Amino acid sequence: MDEQRLKSGELMEVKVDVDLDFTQSDTGPHIEDRDPKRVNSSLKVMFEDVIAEPPSVRSFDKVWLWSHALFEVSRLWCYRFISLVLAVPVSLAAGLLFAVLSCLHIWLIMPCVQLLLINMQWIQTVWASILNIFISPFFSSAGKCCSQIIIHLASAENR
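Residues numbered from 1 in each chain as written. Predicted model: local features only at pLDDT ≥ 70, side-chain atom pairs only at ≥ 80, totals over all residues. Heavy atoms only, no water.

Novice: Just checking my understanding: could you explain the overall build of the protein chain for this structure?
Specialist: The secondary structure content of the protein chain amounts to four helices and zero strands. Buried residues in the protein chain amount to 2% of all 159 residues. On the protein chain, roughly 15,700 Å² of surface is accessible, and the fraction owed to carbon and sulfur atoms is 67%. (Helix = DSSP H or I, 4+ residues; strand = E, 2+ residues; numbered from the N terminus. Buried < 20%, exposed > 50% of the residue type's maximum accessible area, 1.4 Å probe, protein only. Areas by Shrake-Rupley, 256 points an atom, 1.4 Å probe, with all protein chains shown as cover.)

Novice: How do you make sense of the layout of surface pockets when you look at a structure like this?
Specialist: If a probe the size of a water molecule is rolled over the atoms, the empty space left behind becomes visible. Approximately 850 Å³ is the volume attributed to the largest pocket. Residues belonging to the lining of the largest pocket are distributed by class as follows: seven nonpolar, three polar and nine charged. (1 Å grid on protein atoms, 1.4 Å probe; cavity = no way out; pocket = protein on both sides within 12 Å on 5 of 7 lines; lining within 4 Å. Points joined across faces, edges and corners; volume = space filled by probe spheres on them. Nonpolar A, V, L, I, M, F, W, Y, C, P; charged D, E, K, R; others polar.)

Novice: Sorry, what's going on with the packing of aromatic side chains here?
Specialist: How two aromatic rings sit relative to each other is set out by the distance from centre to centre and by the angle between their planes. Enumeration according to the criterion identifies three aromatic pairs in this entry. Here Phe47 and Phe71 contribute two aromatic rings whose centre-to-centre distance is 5.5 Å and whose plane-to-plane angle is 65°, an arrangement assigned as edge-to-face. Of this pair, Phe47 sits in helix H2 (residues 47–50) while Phe71 sits in helix H3 (residues 61–119); the two residues are 24 residues apart in sequence, bridging distant segments of the chain. Residues Phe138 and Phe139 carry aromatic rings whose centres are separated by 5.2 Å and whose planes lie at 75° to one another, so their mutual orientation is edge-to-face. Residue Phe138 shares its accessibility class with Phe139, and that shared class is exposed. (Phe/Tyr/Trp six-rings, centres within 6.5 Å; stacked < 30°, edge-to-face > 60°.)

Novice: Is there a simple way to explain the pattern of salt bridges in this structure?
Specialist: It is possible for side chains of opposite charge to pair when their charged atoms get near one another. Scanning the model with the defined rule gives two salt bridges in all. With a closest N to O distance of 3.0 Å, Asp33 and Arg38 form a salt bridge. Residue classification places Asp33 among the partly exposed positions, given a relative accessible area of 33%. Assessed through its relative accessible area of 47%, Arg38 is described here as partly exposed. Measuring nitrogen to oxygen at the nearest pair gives 2.6 Å for the salt bridge that ties Arg75 to Glu72. Within this pair, Arg75 and its partner Glu72 are both found in helix H3, separated by three residues, close to a single helical turn. (Salt bridge = Lys/Arg side-chain N within 4 Å of Asp/Glu carboxyl O.)

Novice: Would you explain the confidence of the model for the protein chain in this entry?
Specialist: Interpretation of the predicted coordinates at a detailed level should be avoided for regions scoring low in pLDDT. When pLDDT is averaged along the protein chain, the result is 83; 81% of the residues meet or exceed 70. The spread of mean pLDDT over the elements of the protein chain runs between helix H1 (residues 2–8), the lowest at 55, and H3, the highest at 94. (pLDDT = per-residue confidence, 0-100.)

So this is what it looks like as structure tokens:
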């Protein structure tokens, strides 16, 4: 029955299940692993990476322990304070910047590129002809001329 409808030119109703509920990411922000793609893998700065005493010169043990503790505490709390002050405004600015860049790319740059690609097809044809007529034979000839050159490397001991 359906085959007869198709042959006669009748239209058929087709039901398509489309899931329009999609998001950019399936999960929210990661609380435990805040760098899952390892974007900032180079920022693993520990006390031992910055301050080190060679065996020949050593400070007092208490100075070393207090230096380590103060380094870690100041690094942690300064980072927390600076991120408290700057995280939201910088995130907002970065979001706006990426939104503007995405919009420009989608609605301005790519249509212009496609317009150029469509209208400049003749340049591609002319350029390919120029390469095939003039440039390719020249370099083929130069390659054939230089293909017979043989270089032997000898060390100073073998001379």
